[in-house]
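Read off the chains here:
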Amino acid sequence: MLSVWKTKPGEGLEIKETDVPKIKDDEVLVKVKATSICGTDMHIYGWDNWAQKRIGKNLPYIFGHEVAGEVVEAGKNVKAVSVGDHVSAETHISCSHCFQCKTGKEHICENVKILGVDVNGTFAEYLALPHRNAWVNDKKIPHWIASVQEPLGNAVHTVFDGEVAGKTVTIFGMGPIGVCAVGLCKIAGAEKIIALDQHEGRLKFGKEFGADVLINSASADVKKEIMDATNGHGADVFLEMAGAESAMKDGLATLRPGGRASILGVFPKPFEIDVTNDIVFKGITMNGINGRKMFDTWYKTKALLPKMKLERLITHKFKLSEIENGFDVLKKREGMKVVLEP
Ligand SMILES: [Zn+2]
Ligand SMILES: [Zn+2]
């Protein structure tokens, strides 16, 4: 089968012919119909500090993790998924026996293996997937749209980490997940959605998905604009999806007392925040968001997916063999979501 590998340190990838994976008794074989490129894949392709530390010991392997496809074979212990089912993948492969797994928090399993990071991923014609990680899709949803459920799930987990109906929400970072968060807040009845990014092109997507106020954080006085847009009180909810120090600081500074901060962004290095004034005295609630709750988030995502019109987010489609074109488009920030079809 055609497959896309990270074989050695440094920028780039390698396309190779390899054997179709043999499945174990508790796995299904998925014929990949669509796989989308994620920010994580950009880190792996570009081989930045994170990738060097996180992936260095896993080479060579097939990367990619956002997928939709059809089950073509099932191991003998597989339950609840059948040959012919359309599926996507929950990418956190949990151990099922650690404290977190046993107490309903599998998404933060201490022995987690991540698809396309720790084990062979989805940039291939076929994928071996543990049956518990196969999420059955509605056959009415086209594969190229179903493949972006994993990042939509991140947005669902973050947005519904607390109440949004009737709230004013700041969302920092209009990448695909941030834009999905805008759409979800709109559907959920947020009073006012304030979207921030440094790129006008990305802010346009925020507007398309329902943002009421757009702030270009590269040029604007961010704190002043948010306080003006909230009648001087600050936002009720702050969603950090940029992974930027300035976003974290501005988001906390413009959160009203008693507000909720949900942090999904991954930051390149540690930094200082004003804990006393921005967290303690304001009595805010702050949560870290990792992946998707297994599988509460997936049920919500399934219900919300048809309402999201995600085709608006998918700017490019390429054959899997043209994957380099996909990375090019994203590097130049010409695209939002790129879907590859084997
Ligand atoms: Zn992803
Ligand atoms: Zn575990």
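Residues numbered from 1 in each chain as written. Chains lettered and ligands numbered in written order. Predicted model: local features only at pLDDT ≥ 70, side-chain atom pairs only at ≥ 80, totals over all residues. Heavy atoms only, no water.

## Here we look at the pattern of salt bridges
Then comes step 1: Within this structure, the stated rule accounts for 16 salt bridges.
Then comes step 2: Note that Lys300 and Asp296 form a salt bridge whose closest N and O atoms lie 2.7 Å from each other. Here the residue Lys300 and the residue Asp296 both occupy positions in helix H11 (residues 296–308), the gap between them amounting to four residues, near one helical turn.
Then comes step 3: Exposure remark for Asp296: the relative accessible area of 38% places this residue in the partly exposed category.
Then comes step 4: A cluster of three or more residues bridged by salt bridges with shared partners is formed by Glu11, Asp328 and Lys331. (Salt bridge = Lys/Arg side-chain N within 4 Å of Asp/Glu carboxyl O. Helix = DSSP H or I, 4+ residues; strand = E, 2+ residues; numbered from the N terminus. Buried < 20%, exposed > 50% of the residue type's maximum accessible area, 1.4 Å probe, protein only.)

## Comments concerning the domain arrangement of the protein chain
Then comes step 1: Domain annotation for the protein chain reports domain 1 (2–148 + 313–341) and domain 2 (155–288).
Then comes step 2: Between the C-alpha centres of domain 1 and domain 2 there is a distance of 29 Å.
Then comes step 3: Taken over both partners, the interface formed by domain 1 and domain 2 buries close to 740 Å², and the fraction arising from carbon and sulfur atoms is 75%.
Then comes step 4: Sorting the residues of domain 1 by area buried against domain 2 places Leu313, Arg333 and Met336 first, and these three jointly supply 78% of that buried surface.
Then comes step 5: At the boundary of domain 1 with domain 2, the tally comes to zero salt bridges.
Then comes step 6: Counting across the interface, domain 1 meets domain 2 through zero residue pairs in polar contact (both at pLDDT 80 or more).
Then comes step 7: Taken together, the residues of the side of domain 1 that touches domain 2 break down into two nonpolar, three polar and two charged. (Domains from an automatic or database assignment. Buried area = accessible area lost by both parts, 1.4 Å probe. Polar contact = N/O pair within 3.5 Å; in protein donor to acceptor, adjacent residues only side chain to side chain. Nonpolar A, V, L, I, M, F, W, Y, C, P; charged D, E, K, R; others polar.)

## Considerations on H11
Then comes step 1: Look at H11: 18 Å from first C-alpha to last across 13 residues, which is about the 18 Å you get at 1.5 Å a residue.
Then comes step 2: By the largest-angle criterion, Lys302 marks the main kink of H11, which is about 30°, and a proline, Pro306, follows within four residues.
Then comes step 3: Structurally, H11 contributes buried residues whose contacts are with strand S6 (86–89), strand S10 (134–136), helix H4 (143–146), helix H5 (149–159) and helix H6 (176–187).
Then comes step 4: Of the residues one or two after H11, Lys309 is the one with positive phi, at around 50°. (Expected span 1.5 Å × (residues − 1). Bend = angle between axes of the 7 residues up to and from the residue. Contact = heavy atoms within 4.5 Å.)

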